[in-house]
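Inside the fold
These are the residues of each chain, in order.
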Amino acid sequence: MQRIIIWITWITKKPVLVLTAILLLTTAFVLVIAENASLETDLEAYMPSTHPAFIFSDDAEELFGIEDSILIAISHPETIYNEETLAKIARISTELPERFEEIEAGSITSLHTADNITSSDWGLEVEPFYTNAPSKETELQELRKKVESNEMVYGRTVSTDGTAALILAELGEGSFSETFYNDLKAYAAELEGPETIYIAGQPVVEGELARLGPRDMMLMAPIVLVLMTIILLLLLRSIRDTIINLIIVLIGTAAAFGLMGILKVPIYAVDTMIPVMLIAIGVAYGIHMHNAIHHLVREEPRITKQQLIEKTLQAMIRPVSMAAVTTAIGFTALITSQILPVRYFGLFAALGVIVEMILALILFPLAIQVLGPPKKTHEKEDEYLDEVTKKDQQLMQRRPGRRILDHPIIVGTLAALITAAALVGSSKVWIDTSFLANFQKDSDIVRTDTFVNTYFGGTSALNVILTADKNDRFKDPEVLTLLDTMQKTITEAPVVGGSFSLADFMRRMNSVMHEEQEEWNTVPESRELAAQYLLLYEMSGDPETLNRVIDYDYRTANLTFQLKSDSSAVMQTIINDIKTYTEEFANLGITIQFAGGGYKALVFADLLMEGQIASLALSFVIVALLLTLLFRSILIGIVGTIPIAVTAVVNFGTMGLLGIPLSSATALISSIAIGIGVDYAIHLIEHYRIRRLEGYAIQDAAHETLIHTGRAILYNAAAVMGGFAVLLFSVFPPNRQVGGLIALNMAVSAAGTLTVLMLVITALDKRGRFLKITKDYLDPENLEISKT
Amino acid sequence: MKKPGILLFALILASAAAAGTLAARTLTGMEVMEHVYTRPTGDTMYAELIMTITNSRGSTRDRSITQYRISDDAAGIEKKIMFFTAPADVRNTSFLSWSYTDGRSNEQWMYLPALRRVKRIAAGNTSDSFMGSDFTYDDMGERHPSEDTHIILREELYEGSNCIVVESRPKDSSCPYSRTLSWVVKDEWIGLKKEYYDDSGKLVKTLNIDDAKRVDGYWVIGDMTMSDLQKKSTTRIRMENVNFSRSLDDSLFTERQMKIGPPR
């Protein structure tokens with residue numbers, strides 16, 4: 001340690017060199033960021049592509065051409081069955097792939113592109129509903145009749161009341177962009193009147209979410225920083241230390257993102273949490289440094305620059321580096337997550353923490369070197385110092401924290417009650433990746449989505465992939481009947497707005513071949529008939545449509561359910577309902593699997609939850625191990641994790657009780673428990689240990705620790721909470737949750753450390769389980785410093 | 001952006017061709033394609049077809065069909081009846097078509113044995129897929145040369161045959177292709193290869209004739225493959241046991257026969 005002190009002391013004597021180096025590095029980072037600052041908004045990029053569920057889904061998506069669709073709803077105040085509206089539907093259907101390269105040619109589904117399978121007097125026809133919009137009233141009524149008698153479009157592409165029509169356009173993977181969305185909106189606006197045009201669909205919701213979240217965070221970040229600066233100024237009463245604090249968090253963040261840029265790691269939406277973590281943690285390091293320096297100055301008013309630097313470093317290198325290294329390793333545990341962006345988050349947050357530690361250890365001594373020891377504004381220094389000492393003594397006499405220290409049972413009971421309540425709440429934590437839930441209820445996106453969900457099948461889709469053990473199985477009546485039965489039963493759920501499968505084709509063909517008699521609206525009763533219908537359909541229609549529901553070998557079928565909600569929790573219940581058919585299908589040699597974007601989001605959410613809990617548990621173990629090594633005591637290793645445990649439990653408990661769903665952003669907030677909890681625990685234990693070694697009695701050491709470390713902890717919590725409280729006023733609901741949860745985590749970490757941890761330490765100490773152990777490993781060097 | 005370049009290229013080729021080897025000839029592109037269209041195909045024909053459709057994932061659908069054709073040039077009518085022999089679940093499904101040379105649209109019927117009913121089916125678009133394959137009705141030889149404009153690009157040796165390369169551009173802009181190139185064997189008037197280009201000038205489909213032979217004096221394409229380069233699917237049609245000498249009765253091409261099945 002002595003060598004590090006010498007080294008840092010030497011460095012502080014070269015302020016120009018150090019500042020130039022820092023400035024150059026920071027400029028380099030900022031330049032790299034400026035060049036690479038493109039946010040990865042494609043959610044597919046978050047998915048672990050090697051996971052079996054994803055591999056299967058991707059394959060099924062390719063097989064059946066399953067793509068996320070943009071939904072364009074055109075609504076007329078009276079009826080869409082008029083020449084102008086029908087012409088607009090035709091126009092949009094034709095123009096979309098021409099105007100927008102994102103939209104795949106031939107992927108449009110609308111009343112204009114749909115095939116109408118009918119039986120006329122003279123035979124079977126598969127023809128469009130209309131090519132040129134009819135103008136005569138009789139023709140319009142005839143078209144309406146055609147639509148209403150064909151359940152393959154009625155209620156699907158035209159609303160049952162005839163006032164709205166839907167145009168579906170498939171997007172190539174990851175081709176949604178802000179420009180595309182804006183162009184599409186402009187195009188829709190051009191065509192509006194008297195109709196209203198709505199644009200909805202999963203790509204819009206996901207794209208807007210990925211864009212708006214970070215944008216809102218960017219807008220809020222400066223406000224967070226300004227507010228935090230004000231609070232720091234008020235608390236620290238030092239412009240110099242406030243500025244250093246800001247430099248630490250800003251450069252720490254720049255370093256994390258700069259390194260991402262240099263290593264060509266894309267920036268994901270979850271990475272907006274990196275600055276959040278680095279601000280909370282960086283400010284903690286700064287405040288502890290500030291506290292130590294001012295403490296030393298007060299104890300020794302005439303201390304020289306050199307002495308001050310040395311003593312500060314001697315007192316702080318150990319706790320600051322221990323805290324930083326432990327936090328960094330705790331974050332690094334996130335690389336066990338199956339989700340790539342979460343791994344990167346852990347890695348680069350850890351790097352940022354280390355950079356912040358180095359900066360805190362260099363910049364404060366450097367400031368002393370350049371600007372001298374912190375000056376007091378008071379003219380009569382001695383008087384001031386007397387006053388301060390007196391104040392401290394008075395403070396000690398008042399025995400700060402006595403309410404805590406003297407009532408261990410009450411505090412313990414309270415803490416136990418809160419923890420128990422939080423544990424109950426934790427069990428209620430629900431995972432939800434409803435993207436839509438992230439928007440304000442009165443936002444355009446939500447209104448559009450509600451409209452489409454009211455008039456049509458739904459904006460989200462679940463694909464059920466049925467795979468048979470041999471070819472041609474899906475021509476068999478028993479298989480088709482079961483498929484039809486399951487489809488009908490599941491569609492009865494109110495949240496399911498529609499469904500589509502081979503069974504629909506079969507029923508339609510059967511009915512049409514029997515003059516559309518309702519009793520023939522069933523699946524064909526023999527395999528031959530099914531095969532011949534399929535052949536007939538291929539001979540007379542557009543075989544591409546069939547490729548969406550059945551594969552070439554009639555072995556794998558795709559059943560699509562349209563859902564009126566994009567909540568993964570809703571999808572999970574539907575999946576569970578579908579799974580009740582597992583055995584019946586298994587008896588026919590058919591397995592049920594799932595596919596599609598919505599399903600992948602669900603699997604993703606599960607992985608996220610599992611991963612987060614696993615990494616959190618791992619971090620917890622790592623932190624306990626490191627603390628054990630650092631303090632050479634298993635007991636302290638365990639005790640030291642109290643603030644982390646309490647914070648994590650209360651965090652999840654509050655989420656459960658308030659119904660905040662676990663999402664990629666909220667899941668990562670619990671990591672703050674590690675970063676801050678470790679920091680608080682180490683500083684508290686270290687400070688207390690040193691006081692005890694200096695000869696303080698247990699109670700006095702506790703009071704003194706609460707005055708000094710306690711103050712630093714409270715300052716840190718207050719500054720970070722105050723800053724992030726701004727997010728509560730964000731227009732973006734998930735950012736409000738982030739703000740609220742960070743404030744909560746800071747408060748709980750601080751409270752947990754200053755009450756429970758403090759009490760447990762003194763309790764252990766009273767039983768001789770604390771100092772006895774620590775004495776064994778004290779190195780003379782430390783002892784010497786502590787006694788000065 | 002690409003279009004002018006290709007146009008220019010085509011123009012240069014065309015003018016070079018006009019100025020060069022073909023300058024002395026009187027044969028026009030239209031004449032070449034007329035020759036191909038009117039190449040004698042016999043008054044009757046019996047053939048066994050095997051159609052193999054392979055999709056981008058390598059899955060295949062095989063269909064075996066027995067086909068009879070009768071042509072009455074005087075009446076301007078061609079009748080075809082096809083009986084599916086495989087796969088088993090569509091055996092005896094039959095397909096009847098009457099096509100007219102006077103521009104009337106085709107009439108088509110289908111008989112489903114499982115339903116015991118004959119259904120007339122709409123003729124649809126000639127650019128529609130033929131039996132769900134990569135061939136369209138146009139590709140099956142039903143496109144009249146007058147629907148396109150044709151120019152001869154060059155003559156070249158293709159697979160040992162002296163071929164005229166004809167470029168055809170549709171007159172109707174709604175056609176899915178902007179142009180096609182055909183390799184036609186000189187004086188035999190049989191095509192050996194055809195390339196289809198879309199609006200942006202990209203090659204989207206190719207037709208390769210892998211086996212063409214004379215049977216009873218008529219040209220028969222024994223093996224051809226259409227490849228859709230975008231869908232990455234192929235359709236191979238093989239024709240076996242071709243016979244032009246059978247005398248076929250008009251009563252074979254009726255709804256009644258569709259139900260009875262192929263004659264013994």
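Keep in mind the model is a prediction, meaning the values are calculated, not measured.

1. Comments concerning the domain arrangement of chain A
Structurally, chain A comprises domain 1 (2–43 + 208–428 + 603–787), domain 2 (69–200) and domain 3 (445–595). Here the C-alpha centre of domain 2 of chain A lies 57 Å away from the C-alpha centre of domain 1 of chain A.

2. Quick word on the domain arrangement of chain B
Residues and elements named next belong to chain B. Its domain assignment divides chain B into domain 1 (1–38 + 135–230) and domain 2 (42–125 + 240–264). Contacts between the two partners involve five residues from domain 1 and, on the opposite side, five residues from domain 2. Across the side of domain 1 that touches domain 2, the residue classes tally to three nonpolar, no polar and two charged.

3. Quick word on the interface of chain A and chain B
Taken together, the contact between chain A and chain B spans 24 residues of the former and 21 residues of the latter. Contributions of two or more residues to the side of chain A that touches chain B are made by β5 (123–128) and α18 (527–540) of chain A. It is α18(A) that provides the largest number of residues to the side of chain A that touches chain B, a total of 10 residues. By residue class, the composition of the side of chain A that touches chain B is 12 nonpolar, four polar and eight charged.

4. Let's talk about the pairing of strand β6 (residues 164–171) of chain A
Residue and element names in this part refer to chain A. Burial analysis of β6 places eight of its eight residues in the buried class, which makes it a mostly covered element. In β6, alternate side chains face the same way, and those of A164, L166, L168 and E170 on one face and A165, I167, A169 and L171 on the other are all buried. As paired elements, strand β2 (residues 69–75) and β6 share seven bridges and run antiparallel to each other. Along β6, the bridge assignment pairs S69 with E170. Pairing of strand β3 (residues 103–109) with β6, which is carried by three bridges, proceeds in the antiparallel orientation. When the bridges of β6 are listed, I103 appears paired with L171.

5. As for the sheet that holds β6(A)
Residue and element names in this part refer to chain A. Read across the open sheet, the four strands follow the order β3-β6-β2-β7; overall the sheet is antiparallel. With one partner strand each, in any of the chains shown, β3 and β7 (196–200) form the two edges of the open sheet. Taken pair by pair, the neighbouring strands of this sheet meet at an average axis angle of 20 degrees, ignoring direction. By the bridge criterion, five bridges tie β2 to β7 in an arrangement that is antiparallel. Within β7, the residue paired with I72 across the bridge is I199. Strands β2 and β7 of the sheet are contacted by helix α6 (residues 178–191), whose axis makes an angle of about 160 degrees with β7. Here helix α15 (residues 444–455) sits on the sheet in contact with β2, β6 and β7, set at roughly 100 degrees to β7.

6. A short note on the confidence of the model for chain B
Confidence along chain B averages 84 in pLDDT terms, with 88% of residues attaining 70 or more. Confidence drops under a pLDDT of 50 for residues 16–20 of chain B, and excluding neighbours within four residues, the segment shows five contacts in the predicted structure.

7. Things to note about the environment of P128(A)
Residues and elements named next belong to chain A. Its location among the elements puts P128 in strand β5. Residue P128 is classed as partly exposed on the basis of its C-beta count, with 13 C-beta atoms lying within 10 Å. With residues near it in sequence (within four places) discarded, P128 still touches H112, D115 and N116.

8. Some remarks on unusual backbone geometry
Residue P194(A) follows G193(A) across a cis peptide bond; omega there is -5 degrees. Along the chain, P194(A) turns up in the loop between α6 and β7. That bond from A86(B) to P87(B) is cis: its omega, 0 degrees, falls within 30 degrees of zero. Tracing the backbone through its elements, the reader meets P87(B) in the loop between β3 (77–86) and β4 (94–100). A positive phi angle is found at D472(A), which is not glycine, with a value near 65 degrees. Counting through the fold element by element, D472(A) comes out in the loop between β9 (460–468) and α16 (477–491). A count of 17 C-beta atoms within 10 Å places D472(A) in the partly exposed class. At K232(B), a residue that is not glycine, the phi angle is positive and equals roughly 55 degrees. Position of K232(B) among the secondary structure elements: in the loop between β12 (218–228) and β13 (233–243).

Definitions and limits used
- Residues numbered from 1 in each chain as written.
- Chains lettered and ligands numbered in written order.
- Predicted model: local features only at pLDDT ≥ 70, side-chain atom pairs only at ≥ 80, totals over all residues.
- Domains from an automatic or database assignment.
- Contact = placed C-beta atoms within 7 Å.
- Nonpolar A, V, L, I, M, F, W, Y, C, P; charged D, E, K, R; others polar.
- Helix = DSSP H or I, 4+ residues; strand = E, 2+ residues; numbered from the N terminus.
- Buried ≥ 20, exposed ≤ 12 C-beta atoms within 10 Å, placed from the backbone.
- Pairing = 2+ DSSP bridges.
- Axes fitted to C-alpha atoms, helices over the stretch in contact; angles between N-to-C directions.
- pLDDT = per-residue confidence, 0-100.

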